There are 2 protein chains.
Amino acid sequence: MAFEKYFPEILRELLKNIEKIPTYGERGASRLVYNFLKLPKEERLRIANLMMKASESIITCSECGIVSDMDPCRICSDEGRNRRYICVVEESSDAYAIEKLERYKGVYHVLWGRISPLEGISPEDLNIPKLLERVEKNQAKEVILATNPNVEGEATANYLYKLLKRKFPNLTISRVSFGLSFGGFIEFTDSLSLEKSIENRKKL
Amino acid sequence: MAFEKYFPEILRELLKNIEKIPTYGERGASRLVYNFLKLPKEERLRIANLMMKASESIITCSECGIVSDMDPCRICSDEGRNRRYICVVEESSDAYAIEKLERYKGVYHVLWGRISPLEGISPEDLNIPKLLERVEKNQAKEVILATNPNVEGEATANYLYKLLKRKFPNLTISRVSFGLSFGGFIEFTDSLSLEKSIENRKKL
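Residues numbered from 1 in each chain as written. Chains lettered and ligands numbered in written order. Predicted model: local features only at pLDDT ≥ 70, side-chain atom pairs only at ≥ 80, totals over all residues. Heavy atoms only, no water.

(A) Region of the structure containing the packing of helix 4 (residues 41-57) of chain A against helix 2 (residues 9-18) of chain B. Between helix 4 of chain A and helix 2 of chain B, the shortest axis-to-axis distance is 10 Å and the interhelical angle comes to 150 degrees. As summarised for this structure, helix 4 of chain A and helix 2 of chain B are arranged roughly antiparallel, according to the angle between their axes. Helix-helix and strand crossings are classified by hand; for helix 4 of chain A and helix 2 of chain B the assignment is left-handed. For the pair helix 4 of chain A and helix 2 of chain B, contact is made by R46, I47, L50, M51, K53, A54 and S57 of chain A and by I10, E13, L14, N17 and I18 of chain B, respectively. (Axes fitted to C-alpha atoms, helices over the stretch in contact; angles between N-to-C directions. Helix = DSSP H or I, 4+ residues; strand = E, 2+ residues; numbered from the N terminus. Parallel < 35°, antiparallel > 145°, perpendicular 65-115°, else oblique. Left-handed = near helix turned anticlockwise from the far one by under 90°. Contact = heavy atoms within 4.5 Å.)

Next comes the structure, spelled out in structure tokens:
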């Protein structure tokens, strides 16, 4: 093939492997590789090195499922965190986003995804059995459902609500609230969020 | 800081460095890192290894500016390619996309970008002096302007057209054509492309 003759083997290999990163595919791989190659050599080597190190050292916490460099993770192994509050998120990045607020003092539970018939993801594919086990073991008082504010996230929250309510009738189950975004405009807020923000208004 | 206590150091370092990849930033870095970590360990190590190898071996061709594992690149060093035809592209990935068609037998010239006042990129930031040098040295017959079909790409093509016409009055300068996309619908084609496709209609 003529193309193969002109295209560097290492780039072909790199693109082929990066395509396998979830959500990447051909376009994502191309965007990553060609932009990565624009960096100066020492920065490229630093990134490749850090990816190597992260690949070696990052594991998922056997307790909550978050990506971490320790097992149990730094949150689960902290005696100061209240294990009776469990915040359920789709991905580790969601948990760390909440963690960045430095307000929440409970623990997390990462589902590793969301119910999504379109992507062929059903409840059995998610980290749910371990959640039920932890609710029981931790004698949880409250489970906060912090899945994403979209169709899949809502479906996942509804599914978990029903499942948890059936198994643990006394458990408090809550859902993060919907409403206006700070810095936004009422005029340009989508109708669902605007409706929710009025419905869930707070007395001053 | 409490957040730092809980967030793995290696992830912070990795995110910080990946943010520097052009077009990435905080969101792109987060998307890459957390999706990368979903791969099995051996696939992660393979990718990190390939990025290391690519970082070591990929250079930009001192002739045409394409990313390659050889200098001059595999295209520029092939005696069978016609150096009198120079196809000007914004990025290496554009050249390789054309190369994949296995039709074009000339050489390329990569600008490493496009004129974009919004991004603060002016003609002086692009690989243009080398293009003028090559047009002269190769005794070019035709320069094909294959910058992207958008405002920045058009501006870049216009700029190069004027510059080249002034310096090389006998040079043929062409622009890739606009029109319908295969597999698309006339009904849903944007008006500019539709107009161009009629204006540039071919006699059958």
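What follows picks up the thread again.
(B) Focus on the sheet that holds strand 4 (residues 106-110) of chain B. Residues and elements named next belong to chain B. Pairing in this open sheet of four strands is parallel, and the strands run 4-3-5-6 from one edge to the other. The strands lining the two open edges of the sheet, one partner per strand, are strand 4 and strand 6 (172-175). Within the sheet, the average angular offset between the axes of one strand and its neighbour, ignoring direction, is 25 degrees. For strand 5 (residues 142-145) and strand 6, the ladder comprises four bridges, and the chain directions are parallel. Each residue of the ladder has a partner; that of L145, found in strand 6, is R175. On the sheet, helix 7 (residues 151-167) packs against strand 3 (82-89), strand 5 and strand 6 and is oriented at approximately 175 degrees with respect to strand 6. (Pairing = 2+ DSSP bridges.)

(C) Representation of the pattern of salt bridges within the structure. Residue and element names in this part refer to chain B. Within the structure shown, the criterion is met by 27 salt bridges over all chains. K137 is the partner of E63 in a salt bridge, and the nearest nitrogen-oxygen pair spans 2.7 Å. Taken together, the residues span a long stretch of sequence, with E63 in the loop between strand 1 (59-60) and strand 2 (67-68) and K137 in helix 6 (residues 129-137) at a distance of 74 residues. Judged by relative accessible area, which is 49%, K137 ranks as partly exposed. (Salt bridge = Lys/Arg side-chain N within 4 Å of Asp/Glu carboxyl O. Buried < 20%, exposed > 50% of the residue type's maximum accessible area, 1.4 Å probe, protein only.)

(D) Layout of the interface of chain A and chain B. The partner chain B presents 61 residues to the 61 residues of chain A that form the contact. Overall, the association of chain A and chain B removes approximately 6,100 Å² of surface from exposure, summing both partners, and the carbon and sulfur fraction of that is 67%. Connecting chain A to chain B are six salt bridges. Counting across the chain A and chain B interface gives 20 residue pairs in polar contact (both at pLDDT 80 or more). If you list the elements that add at least two residues to the side of chain A that touches chain B, you get helix 1 (2-6), helix 2 (9-18), helix 3 (25-36), helix 4, strand 2 (67-68) and helix 5 (92-99) of chain A. Looking at the side of chain A that touches chain B element by element, the count peaks at 16 residues for helix 4 of chain A. Residue composition of the side of chain A that touches chain B, grouped by class: 29 nonpolar, eleven polar and 21 charged. (Buried area = accessible area lost by both parts, 1.4 Å probe. Polar contact = N/O pair within 3.5 Å; in protein donor to acceptor, adjacent residues only side chain to side chain. Nonpolar A, V, L, I, M, F, W, Y, C, P; charged D, E, K, R; others polar.)

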